[in-house]
Amino acid sequence: MIDAFIWWLSVELLGLIALPVTFVLFKKLPDRGYAFGKALSILVVSFLLWLAASAHVLPNTQWSIILIIVALALGSLFLAIRRRHEIATFLSQNRRVIIATELIFLLSFVLWAVIRAYNPDIHLGEKPMDFAFLNSILRSEYFPPHDPWLSGYSISYYYFGYLMMATLTKLTGIASSISFNLSLALIFALTTIGAFSIVYNLVRICRGGIRAAIGFGLVAAGFLLILGNLEGVLELFHAHGFGSEGFWDWVSIKGLDHPYYSAHWYPTDHWWWWRSTRVIDTVVVGASLDYTITEFPFFSFLFADLHPHLMAVPFVLLNLALCLEIMHSSYTLGFAWLRRNWPKILVFALCLGSLGFMNTWDFMTYAFLFVLIASIGAYLGRGKIDPQLLRDVAIFALIVVGCAVLLYLPFYLGLQSMVKGVSPLGDVDTRPFHFLIVWGFLLFVSVSFVLAQAWGALRRRASSWREVSWAILIPLLPLAIWAIVALATGAGLLSILGKFGHILPLLIVLSLILLILIKKSQRAVKPENEGEKAPLFILVLLFTGFLLLMGCELFYIDDLFGAGYERMNTVFKLYYQAWVFFAIGSAFGLYYLGSRWRAATIPRKLARALWWGLCALLIAGSLIYPIAATLTMTNAFGVEPTLDGLAFVERTNPAEYEAIEWLNSNVGGAPVIVEAAGGFFTDYFRVSARTGLPTILGCPNHELQWQGSYHNLMGREEDIHLIYQSEDIGEVEETLEKYSVTYVYVGNLEREQYGMEVGERFEDFMDVVFENEGVTIYKVREE
């Protein structure tokens, strides 16, 4: 409990330091970006630590972090004194939303800390990898941090999210096995207030009342974080014997085949909760031809991999808030504006660039958003499109995106990638049924909002042929590029026509949104129509979201995954981005439709009632998964709660737990330790993961993805076998020296793989530094 309080209090203090900065940065937002102070402060402190430690100016220590925070606090104090009257007035006039923000942050932090306490194990999935990176960064004196699973190399992965959580861990002095779970609770809470703030500001910009703004801000947080997809409905049917085998064959979700009868109202099938993240697939005789990942935020937080796509969400929302500030400010973006606002440009670049370092997939999407929003904002500021506007937007984009890359250049210079390029998707398509299962409620509300906007915008004034042409041709551009490449690689005309028919609904929605954007931008230019900027912003998000969905049907990022898995990561990463856009858009859409849909006649009243009834039904269906999965993953809250992610090791293997504790307490720095090598998603490489000590080779599959080839891995697994098996002491010593090994670990997995007597000969040329009934740790003798 005290650890959670210290963690929460530290983040609150960092948020307080950022208050004057967000007050100035978000001048046009009604809440002045108050909710984003915590995320911004964590980002800036971590960036400065990374920069200083990368340049060997400051080591990665608690005192360095404190020094950076004190320096930032002094700068913030100076700014606060200069703006003290404005800040005091703002705090006085907006105390309700500030109190609401802090209360929402605290309650959401406590909520997820409690849920994690009932399922805290740092085990399964990507958690061992995430824990290894966190511990590795904590042990690294300077950056880049060492790779815990490939000794002698640094981490070749987007690790800024881990660095931010490690920075807080080092600042607070909390054990990493506890801070791992507190990090998940923090990210959940930061995401909650981020989504809340964006929709709160949108409602206020739209001249909505404060109660409505707070209420629908909470709705946005719920849509983003709590709702699941509709696969939970199928699981409920499946768990109660509904449906014939033919029906489940038609559903074609792997694992949903033979219905059964659950002993509870919720499913109890083994790992039933996993299937909701593997909906889109083409299954033939039990084999996947189009295996994809359809993960969504609630699953991510419940499964609790502390992975980049999850850690990036609060900072994605921070970038969305900056985009909203740009649009609402209607910046003209000329040279004079750029000279006056260079600190703001620097913050824009810092926040945008952080996404590339945190979850590289997000960078291009949000760079696109920044440029699109800046273009619309500049048009709203000038009221016309001319060559000067295009030039100024191009310069702004070049500066912001360029600086976003330059600020994080050391990371990019050291990054190896498994990505080979972008390739056209072949004959594989997403089944409409699977698409609706994934997007269900969010799609229903988003399309309803678009249609309502079309009715309001297009009936007032006829569109010119030029506007209609642009609205049709621009969404067709990705299809045209795909068709050209497909024809060049041997595809036939029927294949291209089939693809056109498949994505036609998405093309229609995109063209409609684009036409509405054109018309609404023309209206929003007038000062009296400033409230139109809120729906305009949402339309941009929805346009980007639908563009991502269409992109997944046309192209995929070519990586190391083979046939049947081509677009696995593409769908995973881009659908995750789209979920954020649709969740924010749906929350605002509900407010907009609820406040403006007037039904004067009986047919309209019936239509309105039917629409809200469908909404309620879809929300209920989308809540089945979160409620049922939470009961399953927490054992219905029937276990002893703890935030210690290694408590399960203490229960199941106390000897190994004692050894890990000894290593963490007595071994400083990052000496190399040898442990048995094993396969993908096994308990091997657990010592390096739980201590951050580099080992010769951890998980080969992960390293292949990070390194991009087997070159740096070759021979390492054989050398580990040699160390544990060879009878030639000289050969073993030579191999230990090759990898600068300091410790050799012998535990239950080493004995299972190499025999019960595996460690006896080590005593002839190494010292025993730790020993209990299950583990012996040897140290190489110094010459």
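Everything below is about the structure printed above this text.
These figures come from a predicted structure and were not determined experimentally.

Thresholds, definitions, all that
Residues numbered from 1 in each chain as written. Predicted model: local features only at pLDDT ≥ 70, side-chain atom pairs only at ≥ 80, totals over all residues. Heavy atoms only, no water. Pairing = 2+ DSSP bridges. Helix = DSSP H or I, 4+ residues; strand = E, 2+ residues; numbered from the N terminus. Axes fitted to C-alpha atoms, helices over the stretch in contact; angles between N-to-C directions. Contact = heavy atoms within 4.5 Å. Salt bridge = Lys/Arg side-chain N within 4 Å of Asp/Glu carboxyl O. Buried < 20%, exposed > 50% of the residue type's maximum accessible area, 1.4 Å probe, protein only. Expected span 1.5 Å × (residues − 1). Patch = residues over 30% accessible without salt bridge, like charges linked within 9 Å, V, L, I, M, F, W, Y side chains within 5 Å. Areas by Shrake-Rupley, 256 points an atom, 1.4 Å probe, with all protein chains shown as cover. Lys, Arg positive; Asp, Glu negative; His and termini not counted. Charge placed at Lys NZ, Arg CZ, Asp CG, Glu CD.

Caption draft 1: Region of the structure containing the sheet that holds strand E8 (residues 776–780). The mixed open sheet is built from 4 strands, whose spatial order is E5-E6-E8-E7. The open sheet is flanked by strand E5 (672–674) and strand E7 (766–771), the only strands paired with a single partner. The mean angle between the axes of side-by-side strands here comes to 30°, regardless of whether they run parallel or antiparallel. By the bridge criterion, 5 bridges tie E7 to E8 in an arrangement that is antiparallel. Considered in E8, the bridge of Val 768 is made with Tyr 778. Here helix H27 (residues 654–666) sits on the sheet in contact with E5, strand E6 (741–746), E7 and E8, set at roughly 115° to E7.

Caption draft 2: Region of the structure containing the pattern of salt bridges. Overall, the coordinates contain 21 salt bridges when judged by the stated rule. Between Lys 38 and Glu 12 there is a salt bridge, with its nearest N and O atoms 3.9 Å apart. On the criterion of sequence distance, the pair formed by Lys 38 in helix H2 (residues 37–54) and Glu 12 in helix H1 (residues 2–25) is long-range, its members being 26 residues apart. Under the relative-accessibility criterion, Glu 12 is labelled buried at 14%. Among the ionic pairs, Arg 83 bridges to Glu 86, the shortest N-O distance being 3.7 Å. Residues participating in the shared-partner salt-bridge network are Glu 656, Glu 675, Arg 686, Arg 690 and Glu 750.

Caption draft 3: Local environment of helix H9 (residues 210–225). With 16 residues, H9 ought to run about 22 Å at 1.5 Å a step, and its terminal C-alpha atoms sit 22 Å apart, in line with that. Ala 213, Ile 214, Gly 217, Ala 220, Ala 221, Phe 223, Leu 224 and Leu 225 are the residues of H9 that are buried. Buried residues belonging to H9 abut helix H5 (95–117), helix H8 (176–205), helix H12 (297–303), helix H14 (313–329), helix H20 (432–458) and helix H24 (568–596).

Caption draft 4: Spatial organisation of a negative patch on the surface. Residues Asp 728, Glu 731, Glu 733, Glu 734 and Glu 737 make up a contiguous surface patch of negative charge. With respect to the element layout, Glu 731 can be found in helix H31 (residues 729–738). With a relative accessible area of 34%, Glu 731 lands in the partly exposed category.

Caption draft 5: Focus on the environment of Leu 617. Position of Leu 617 relative to the elements: it lies in helix H25 (residues 602–633). When the C-alpha atoms of Leu 617 and Phe 441 are compared, they prove to be 8.9 Å apart, with 176 residues separating the residues in sequence.

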